[in-house]
Amino acid sequence: VELVESGGGLVQAGGSLRLSCAVPGSIFSRNAMGWYRQAPGEGRELVAQINSPGNTYYADSVKGRFTISRDNAKNTLYLQMNSLKPEDTAMYYCAAGLPLRVGTRLPDYWGQGTQVTVSA
């Protein structure tokens, strides 16, 4: 199963980026999905999860700044990131097959990652 992320890049603090993730239809329609990130020397953390429209989870560090959404017609997962901070710099990974109870196990499927770098 291949999840393909896009949209990462270099942005100044305060700027915005939108990450996209193309997900195979067989996976997209029946799974909770989310975005993880991993900064150098740190573990991989769950940033946001969407089980269904309106049923979302956000890490405290991104609440009010990031928005996760899914387009069922395009089998695509998004992460809109606003008011970016240097501490948001990390490799961001799309994931599918997340548990409905947030954080109780690792996802079933991972993307290859897209780098987000926020300069001060």
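For the structure, check the block above.
Small disclaimer: the values here were computed from a predicted structure and weren't measured.

Participant: Mind showing me how you'd approach the sheet that holds strand β8 (residues 76-81) here?
Facilitator: Sheet strands pair via backbone hydrogen bonds, and the direction of the pair is either parallel or antiparallel. One open sheet holds the 4 strands; their spatial order is β1-β3-β8-β7, and the pairing between them is antiparallel. A single partner strand is all that each edge strand has here, and the edge strands are β1 (4-6) and β7 (66-71). If you compare each strand with its neighbour and ignore which way they point, the axes differ by 15° on average. Across 6 bridges, the pairing between β7 and β8 is antiparallel. Looking at β8, one finds that arginine 70 is bridged to leucine 77.

Participant: Hey, could you run me through the packing of aromatic side chains in this one?
Facilitator: Any two aromatic rings considered together are summarised by their centre-to-centre distance and by the angle between their planes. Counted according to the given criterion, the structure contains 2 aromatic pairs. Summarising the aromatic geometry, the rings of tyrosine 93 and tryptophan 110 are spaced 6.4 Å apart at their centres and angled 90° between planes, so their arrangement reads as edge-to-face. With a gap of 17 residues between them, tyrosine 93 in strand β9 (residues 90-98) and tryptophan 110 in strand β10 (residues 109-110) connect regions that are remote in the sequence. The structure contains a cluster of three or more aromatic residues connected by ring pairs, namely Tyr36, Tyr93 and Trp110.

Participant: How should the pattern of salt bridges be read in this particular structure?
Facilitator: Pairing between side chains becomes possible if they bear opposite charge and their charged atoms approach one another. With the rule as written, the count across this model stands at 5 salt bridges. Close ionic contact of aspartate 60 with lysine 63 constitutes a salt bridge, the shortest N to O distance being 3.2 Å. The exposure class of aspartate 60 is exposed, given its relative accessible area of 65%. Here arginine 105 makes a salt bridge to aspartate 108, at a shortest N to O gap of 3.4 Å. On the basis of relative accessibility, which here comes to 47%, the residue aspartate 108 falls in the partly exposed class. Linked through salt bridges whose partners overlap, the residues forming this network are Arg37, Glu45, Arg65 and Asp88.

How each quantity is defined
- Residues numbered from 1 in each chain as written.
- Predicted model: local features only at pLDDT ≥ 70, side-chain atom pairs only at ≥ 80, totals over all residues.
- Heavy atoms only, no water.
- Pairing = 2+ DSSP bridges.
- Helix = DSSP H or I, 4+ residues; strand = E, 2+ residues; numbered from the N terminus.
- Axes fitted to C-alpha atoms, helices over the stretch in contact; angles between N-to-C directions.
- Phe/Tyr/Trp six-rings, centres within 6.5 Å; stacked < 30°, edge-to-face > 60°.
- Salt bridge = Lys/Arg side-chain N within 4 Å of Asp/Glu carboxyl O.
- Buried < 20%, exposed > 50% of the residue type's maximum accessible area, 1.4 Å probe, protein only.

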